[in-house]
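Topology and contacts: notes
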Amino acid sequence: MIEVKNVSFTYPNGVEALQRVSLTIRNGEFVAIMGQNGAGKTTLIKHFNGLLKPTSGEVLVDGVNTRKVSVATLARNVGFVFQNPDHQLFCETVEDEVAFALRNFGFKERTIKKRVAWAINLLDLTEYRKTSPFMLSGGERKRVALASVLAWNPKVVILDEPTIGQDHKQKERLRQFIVQLIAQRKTVIIVTHDVEFVAECNPHVVLMAQGNIVAEGDAKQMLTNPDLVTQASIVSPQITQIFLGLANLGLPTDLIDIHEAREALLNFLEVTS
Amino acid sequence: MYPGGTKRALEDVSITIEKGEFVVLTGPSGCGKTTLCRCFNGLVPHFYGGKLEGNVLVTDLTVSEHPVQELARHVGLVFQNPENQLFALFVEKDVAFGLENLGVSRDEIRKRVDWALKMTGIEDLRERTPHELSGGQQQRVAIACVLAMQPDVMVLDEPTSFLDPLGAQKIFEVIGELNKKLGITVLLIEHRLDLASRYCNHVVVMDEGRVVLDGEPREVFNSEKAHLIGVGIPKATRLSQVLEKSGVHLGRIPVTSEEASHVLKEVLRRD
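Model, not experiment: these values are computed from the prediction.

Each value, and the rule that gives it
- Residues numbered from 1 in each chain as written.
- Chains lettered and ligands numbered in written order.
- Predicted model: local features only at pLDDT ≥ 70, side-chain atom pairs only at ≥ 80, totals over all residues.
- Helix = DSSP H or I, 4+ residues; strand = E, 2+ residues; numbered from the N terminus.
- Rg over C-alpha atoms; globule rule 2.2 N^0.38 Å.
- Buried ≥ 20, exposed ≤ 12 C-beta atoms within 10 Å, placed from the backbone.
- Contact = placed C-beta atoms within 7 Å.
- Pairing = 2+ DSSP bridges.
- Domains from an automatic or database assignment.
- Nonpolar A, V, L, I, M, F, W, Y, C, P; charged D, E, K, R; others polar.
- Core = buried A, V, L, I, M, F, W, Y, C linked by C-beta atoms within 7 Å.

Here we come to the overall build of chain B. Scanning chain B from terminus to terminus reveals 12 helices and 8 strands. What you see for chain B is a C-alpha radius of gyration of 20 Å, in line with the 18 Å of a compact globule of 271 residues. Across the 271 residues of chain B, 49% fall into the buried class. Once local pairs closer than 6 in sequence are excluded, the contacts in chain B between residues at least 24 apart make up 63%.

Set out below in structure tokens:
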């Protein structure tokens, strides 16, 4: 469990990135943090593995105050995939990259081999095993970064903008991983601007603006509320937009998913004909 | 083929982009989109090396015969990762850099920098350091740098990927306006077609280094092939396909949410 209690954070240059933020994320929960650029999303998640310590307030990870343990200790439980994969990739080959943290954590070579193969296969990178990460495309590098974190099997997986540069198929794959991770009782926290992805995944959504949490609730509640959407500087999913345009016909406007949209339309046609 | 590569990044690619078009280039990651864009301002082959067969002509210049600095006057490229493009100590300096290199007069530079910062909504960042900005802010700076050059062609590689959706929409509107008002040819690499599709009049889909679909957005998005390759077809188009399968015919294939609302209204009222 991650407990954020009254956390404020001010960067050395004076920018107040978080203002008395409180949030609880339970084990096995799937949370999407969304909101304006500069709202404090990345600052907030960097508190979850102790990369940043609160200026005031406290963050507890499984009851342990992040101020009292090193990032290395926290990292064993909390895996972090950065927004920009180039900030975390540096090895000569994809295989070495994925093995790096495992070696650091002192796993046995045999286990490392197995885990690396598993993670590389999971992210569809087998053909690039011996390739330098820097020869790969942006989307592929992003997957290498994800593989290197999943390989050490942390309890909490934090993904900062995981869908950037990913095509539709890769996003669907990513959605399936997340479902799998949740089924294994892992906590998954994503920061994302991708409303269509959120509409498909249906996580608990936390909306942020200007260093504060504006609202939290299920994806449908959050993404179909025009006021909240504007406040968080996002846009509604396209399905919601379509139904907002049909509001005066008496159709529901709180839809985010294509299948429920179809049902609603077919129902409407049946009733009126 | 890139140096040290084992596979061609591009394979037998032929496309024609007319002056003033707004083209969206999409396809699975690693399909060669970025490589193709690097050909348009000569980064391939001049900077990346490797072997380029065939010809790329941009505003009548053969890319392999002209240096990058000459092509850069005609083709502005906004990189996928803004950090690879920004280097100055101040945003303002970064935006002015290209113009200074071209020997544009001081007054003109000032005017164009002001205009580019205004268009991208970052006037207040003028004196900030690019490397201290958020990913989204950096993307705006990168776009401003290219805008200031007022090139004939703007090539943008997922230029809004770090921006919040409202910010992304604004940037697409700006790009759409530049395309319409100034006639700048736009080539946009994008996966998020729900946001981008309303501005384009030409869609190119690549897969494994080849161009597999090339045409009008409605046709491309509605083709079985686009669906099979895994193109993120706009939900408006997907909804019409799903309804079609349930026996509801919309008559016209929608690409944007407004179009979908409109055609749905007609169908719902008709019954």
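Continuing now.
Looking now at the sheet that holds strand 2 (residues 16-25) of chain A. Residues and elements named next belong to chain A. Taken in spatial order, the 4 strands make up an open sheet running 2-1-4-5, and their pairing is antiparallel. Two strands bound the open sheet, and with one partner strand each, they are strand 2 and strand 5 (64-65). The pairing of strand 4 (residues 56-61) with strand 5 spans 2 bridges and is antiparallel. By the bridge assignment for strand 5, V61 is matched with V64.

In this section: the domain arrangement of chain B. Residues and elements named next belong to chain B. Domain parsing of chain B yields domain 1 (22-217) and domain 2 (234-271). Between domain 1 and domain 2, the C-alpha centre-to-centre distance is 34 Å. At the junction of the two partners, domain 1 supplies 5 residues and domain 2 supplies 4 residues.

Time to look at the interface of chain B and chain A. In this complex, chain B contributes 41 residues to the contact, which on the side of chain A involves 42 residues. The set of elements that each furnish at least two residues to the side of chain B that touches chain A consists of helix 6 (135-148), helix 7 (165-182), helix 11 (235-245) and helix 12 (257-270) of chain B. For the side of chain B that touches chain A, the class distribution of residues is 15 nonpolar, 18 polar and 8 charged.

Turning our eyes to something else, we now look at the nonpolar core. Among the nonpolar cores identified, the biggest contains 161 residues, and I33(A), A147(A), A151(A), I158(A), I189(A), V198(A) and A144(B) are the most heavily contacted of them. Ranked by residues supplied to this core, first place goes to helix 6 of chain B with 8 residues. If sequence neighbours within four positions are ignored, A151(A) has contacts with V98(A), A101(A), L102(A), R115(A), V116(A) and A119(A).

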